[in-house]
Amino acid sequence: MSASLTHEQARRVLDAGSARAEEIGQPTNIAVVDDGGHLVAFGRMDGAIKASIDISTRKAVTSILMDLPTADLTDLVQPGAELYGLGATAGGMVTFGGGIPPVRGGATVGAVGVSAGSVEQDVTVATAAAAALDS
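Fair warning: this is a prediction, and the values are worked out from it, not measured in the lab. (Residues numbered from 1 in each chain as written. Predicted model: local features only at pLDDT ≥ 70, side-chain atom pairs only at ≥ 80, totals over all residues. Heavy atoms only, no water.)

K.L.:
Residues and numbers for helix α1 (residues 7-24), please.
P.N.:
Its 18 residues place the ends of α1 26 Å apart at the C-alpha level, agreeing with the 26 Å of an ideal helix rising 1.5 Å per residue. Where α1 is concerned, the buried positions are Q9, A10, V13, L14, G17, S18 and A21. Buried residues belonging to α1 abut β1 (29-34), β2 (39-44), β4 (103-104), β6 (110-115) and α3 (119-131). A positive backbone phi angle near 75° is found at G25, which sits one or two residues after α1. (Helix = DSSP H or I, 4+ residues; strand = E, 2+ residues; numbered from the N terminus. Expected span 1.5 Å × (residues − 1). Buried < 20%, exposed > 50% of the residue type's maximum accessible area, 1.4 Å probe, protein only. Contact = heavy atoms within 4.5 Å.)

K.L.:
Just give me the short version of the pattern of salt bridges, but keep the residues and values in it.
P.N.:
With the rule as written, the count across this model stands at 4 salt bridges. One salt bridge connects R11 with D15, and the closest N-O pair in it is separated by 3.8 Å. Highlighted residues: R11 and D15, both in helix α1, separated by 4 residues, approximately one helical turn. For D15, a relative accessible area of 43% corresponds to the partly exposed category. (Salt bridge = Lys/Arg side-chain N within 4 Å of Asp/Glu carboxyl O.)

K.L.:
So what's going on with helix α2 (residues 51-66)? Residues and values would help.
P.N.:
The end-to-end C-alpha separation of α2 is 23 Å, in line with the 22 Å expected for 16 residues at 1.5 Å each. Three or more residues of α2 are buried, namely S52, S56, K59, A60, T62, S63 and I64. Next to the buried residues of α2 lie β1, β2, β3 (99-100), β5 (107-108), β6 and α3. Looking one or two places after α2, you find D67, whose phi comes out positive at around 55°.

K.L.:
Please provide a residue-by-residue account of the sheet that holds β2, values included.
P.N.:
Sheet strands line up and pair through hydrogen bonds in the backbone, either parallel or antiparallel. Strand order across the open sheet formed by 4 strands is β2-β1-β6-β3, with antiparallel pairing between neighbours. Two strands close off the open sheet at either side, each with one partner strand: β2 and β3. Note: β1 against β2, 5 bridges, orientation antiparallel. The partner of V33 across the bridge, within β2, is L39. Contacts from α1 reach β1, β2 and β6, with the element oriented near 25° to β2. (Pairing = 2+ DSSP bridges. Axes fitted to C-alpha atoms, helices over the stretch in contact; angles between N-to-C directions.)

Written as structure tokens, this is what we have:
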């Protein structure tokens, strides 16, 4: 059995994120990638800024490549910190909140990336999206 997200699961993640974004009144871009960082599902809500299409996808890819939420990278990439410069590597990783790798059965199965709101809003939406695998 694959440890990756199925299309059906990716759609559930996307739908849960979209519902949360609607609840908080912030249109977003939501990207869902599999355990290899390949896009499985994507949605841009009406009114979400277009620049965030790429950012949401990069957040998802960064999250799966690093196997952690992108918010966990923020302190590590500051000048003088251990991972300073990470954002300029591997095709431009995104090192601020909004990317979360959902876990199913103890295995990381992919990642969701959200962008278009504040970092707090993006994390809120991504958290709700990732939690959809538990339901």
